[in-house]
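Chain residues, written in single-letter form:
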Amino acid sequence: MTVAGILSAVAALSGAALTNAAWLDDEYVHARGVGTDGKCELNSGTISTASARQLSGTLLSYNLDNLASVQGVQVSNDGGGTSTANPGAIRIDDNTFMAPLDVDLLNNDLLQFSLPLGLPIGAADVHSQWSQTLNNGNTTAASGLVTNSGGAISLGQPQDPVNPPVMAALDLGALAPTALSSMTLEVGSASSIARATQCGDIGNSWLGPLEEPLLDRAYSISSLDLQATLLTLGTAVSGTTELLDGVQASLDAASEAMQVSISEDLALAAVPLLGNLTLGSVNTQVTMSRVDLTPLRALLHGTMTDDRGLLTVDFGAGTLRVDLAKTAGGVNGLNGLDPNTEIVLNQAMMDELTAAFTQVLNDWQENIASALIDAIRATSVSADSAVHVLSEGVSLAEIRLGLGPTSVGQLLNLHNDVPGTPAVPVTTSVRLLGLDPLGLLSPTLQDLESGLASALPGIVGEALNEELVLGITGDVKTSVATLTGPVGASVSSALDELSSLLSIMVNVQPDKPGHPEPSSAGPFQISALHLSLFGLDVLDLSVATSTVGYGT
C-alpha cells in the first residue's frame, strides 16, 4: 500500500472516537494525576504512550528489535499537546501514526540473517501497526488486522474466515532439528488492540476526566496450524502406487485362474444332467477389458480431513496439517480465552489427534479398496466354454456356451443376490460329433445344454468374487495396511515431541495473573500470541502486541 493510499484510507481519523465491538475486558487502573473537575482539558498534562508491533522477541537468539522492518510504531504525547513517533512511522494527523507491515522488506531481513520465519507475499489481508495519543490523555494502539469504519478503529476479520491465510510460518525444524524436524508452525491473522481512556463517560452522557482510567484490551487469532512432512507417509503412498501399477498384471493372471475354476465348476454342474452319457473335456476362455484406475490414482494425491476437523492429510504431498487452535480451544479456537491462557498440548489432546489421524488413515485405506472394487466392477468380461460329451467312450457332441461381454459388477451382483439385478443372457449351441440315429440322446443333450447355460452366470460370478474381490482387492488392502503401519507410529512420535517442547500462550497481559514475568505497573500491554520452546533458548516470539501507558 502506498503512503498516499494509507493517508486517504485513514484521513478521517483525526480526533475520532476509537471503539472495538468486542472488548474482552473493561478494567479500571490506578489514576495518575487525573482531575475531577467535570471537564476534559484540551491538554491533559499527563504524558501518554501507545505502541504496536506485529512481531517482537528473539529467534535463534537474534533480537528482532534489530530489524527495522518490525519496529512497528511508537507514539508519545507530552501532555502539552504534542505527539511524536519513531522514525519511519506514517503520520495520519497530529496525534495518529501507523506503520503497515512491509512483508517484502521483512522477508528480506529474515533471509539475510537466516532466521526461520517467513511471511507470505501478496496476501489479501494487510496487517498494520497503529498508535494514537490524544491530547485529552486517551491513548490507543492496535496491531494486525485493523479496520477503520467511520473513524472507529476495531479489530478486523480475515477476508476468508473459513480458510484464513497464513500470516507467518515458523520453521520449527530449524529451531530444534532433531526433535521437530520437518515441522512448521503456521500462524494465521493475529491482532490485538489496547485503549486507555482518561477522558470518558462520567454519567448522564457527560464526558469528563475519569477518577480511574478505563483500560480495554482485546485480541483475535484466526488460526494456528502445525504442518509436518511425514517421510513414512510418502513411502506408504509410493508403495501403494507400485501396488496399483501391478493390478493389471494381477487381473491378467486372475483371468487364467478363472478359466480353470469355471471349467471345473461347469463339470460339477454337468454331472447330475448327464444321464447315460459321460463328460469329456471342459475348456473356458475368459476375456476381460483393461481396468481404468484413474479415479483410484486420484486418491493417492488427494487430501482427507477427520470427522472433527482437527487435522488434514495431504497424501500427494506427504504432509499432515493439525489445527492446533481447534484442538486446544474447540469451536472458538484460541479466541475468547482468559488473560495469559497457556495452551497445554497434553496427553489427552495428543490421544485425540492420534485417533483422528488413525481414522483418516483407515478411511483412506477403505477408499482405496472401495475404489479398486469399483474400477474392477466397471470392466467388462466374457466367458466362452466348450463342453465335450461322450457316449460309450465315443465323442457325441460339443456344447458351446457364451456369456458376455457384460460388466463384472452385474455378475458380482448376481453372485451376491442383489435385488433387481437383471439376468445375464447366455448363448448356446450343440454340435453333434457322433451318431445318434434314433435321436434317443437328444433330450439329454438339451437338458444338459439348458442346465449349463443356467448355471454359467453364477459360476462366473463366483469365480470373479473369489479371484478379484477376495483375491486381488483383498491382497491390495492387506498390503496397503502394511505400508501405512509405520505412519501412525511416526505421527504419534512427532506429536509427543511437539507437546514436550512447544509453549503457547494467548491473550498475553504481563500485569495479569498467570504471566511468567508478572508486572503490576504500566504501561499496559496485550499480545495475541506468544511462542517459545521449553528448555531451548531459540524462540521467544510475541505476535500482535499493543501497548498503552500514561504518566510515564
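As shown above, the structure is provided for reference.
Residues numbered from 1 in each chain as written. Predicted model: local features only at pLDDT ≥ 70, side-chain atom pairs only at ≥ 80, totals over all residues. Heavy atoms only, no water.

1. Re the overall build of the protein
Part 1: Of regular secondary structure, the protein possesses 10 helices and 28 strands.
Part 2: Residue pairs at least 24 apart in sequence account for 73% of intrachain contacts in the protein once pairs closer than 6 positions are excluded.
Part 3: As displayed, the protein offers around 24,300 Å² of accessible surface, 53% of which is attributable to carbon and sulfur atoms. (Helix = DSSP H or I, 4+ residues; strand = E, 2+ residues; numbered from the N terminus. Contact = heavy atoms within 4.5 Å. Areas by Shrake-Rupley, 256 points an atom, 1.4 Å probe, with all protein chains shown as cover.)

2. Description of helix α10 (residues 442-501)
Part 1: Taking 1.5 Å as the rise per residue, α10 with 60 residues should run 88 Å; its terminal C-alpha atoms sit 87 Å apart, in good agreement.
Part 2: L456 marks the point of greatest bend in α10, at about 35°, and the proline P457 comes within the next four residues. (Expected span 1.5 Å × (residues − 1). Bend = angle between axes of the 7 residues up to and from the residue.)

3. Quick notes on the side chain of S255
Part 1: Within the secondary structure, S255 sits in helix α5 (residues 247-270).
Part 2: By relative accessible area, S255 is classed as buried at 9%.
Part 3: In contact with S255, not counting residues within four places along its chain, are V286 and M288. (Buried < 20%, exposed > 50% of the residue type's maximum accessible area, 1.4 Å probe, protein only.)

4. Side note on the environment of P120
Part 1: Mapped onto the elements of the fold, P120 is located in the loop between β8 (117-118) and β9 (128-133).
Part 2: A relative accessible area of 34% places P120 in the partly exposed class.
Part 3: Through-space distance from the C-alpha of P120 to that of V103 is 7.5 Å; in sequence the pair is 17 residues apart.
Part 4: If we skip the residues at most four places from it in the chain, P120 touches V103, V166, M167 and A168.

5. With respect to helix α2 (residues 103-112)
Part 1: Those residues of α2 lying buried are L106, N107, D109 and L110. Down the axis of α2, the sector holding all buried residues measures 160°, keeping them to one side. Turned more than 90 degrees from where α2 packs its buried face, L111 and Q112 sit exposed.
Part 2: Looking at the buried positions of α2, the neighbouring elements they touch are β2 (48-59) and β8.
Part 3: Between a side-chain oxygen at the N-terminus of α2 and the backbone nitrogen of D104 the separation is 3.3 Å; the capping residue is D102.
Part 4: Just downstream of α2, S114 is the residue with a positive phi angle, here 50°. (Arc of directions from axis to C-beta. Polar contact = N/O pair within 3.5 Å; in protein donor to acceptor, adjacent residues only side chain to side chain.)

6. A closer look at the sheet that holds strand β24 (residues 394-407)
Part 1: Here four strands make up an open sheet; going across it, the order is β18-β23-β24-β25 and the pairing antiparallel. For this open sheet the edge positions go to β18 (278-288) and β25 (426-432), each flanked by a neighbour on one side alone. Each strand of the sheet is rotated relative to its neighbour by a mean of 15°, with strand direction disregarded.
Part 2: Relative to strand β23 (residues 380-391), β18 runs antiparallel, the two sharing nine bridges. Across the sheet, residue T287 finds its bridge partner in β23, namely S382.
Part 3: Running over the sheet, α5 touches β18, β23 and β24 and is turned about 150° from β18.
Part 4: Seen against the sheet, α10 touches β18, β23, β24 and β25 and runs at an angle of roughly 45° to β24. (Pairing = 2+ DSSP bridges. Axes fitted to C-alpha atoms, helices over the stretch in contact; angles between N-to-C directions.)

7. Concerning the sheet that holds strand β20 (residues 311-314)
Part 1: Spatial strand order, β8-β13-β14-β17-β21-β20-β19: seven strands in an open sheet with antiparallel pairing. For this open sheet the edge positions go to β8 and β19 (303-305), each flanked by a neighbour on one side alone.
Part 2: As judged from the five bridges shared by strand β13 (residues 166-171) and strand β14 (residues 183-188), these two strands associate in the antiparallel manner. Across the sheet, D171 pairs through a bridge with T184, a residue of β14.
Part 3: Sitting on the sheet, helix α8 (residues 347-377) is in contact with β19, β20 and β21 (319-323), with an inclination near 40° to β20.

8. Some words on unusual backbone geometry
Part 1: In this structure, the amide linkage connecting G404 to the following residue, P405, adopts the cis form with an omega of 10°.
Part 2: Of note, P405 is situated in strand β24.

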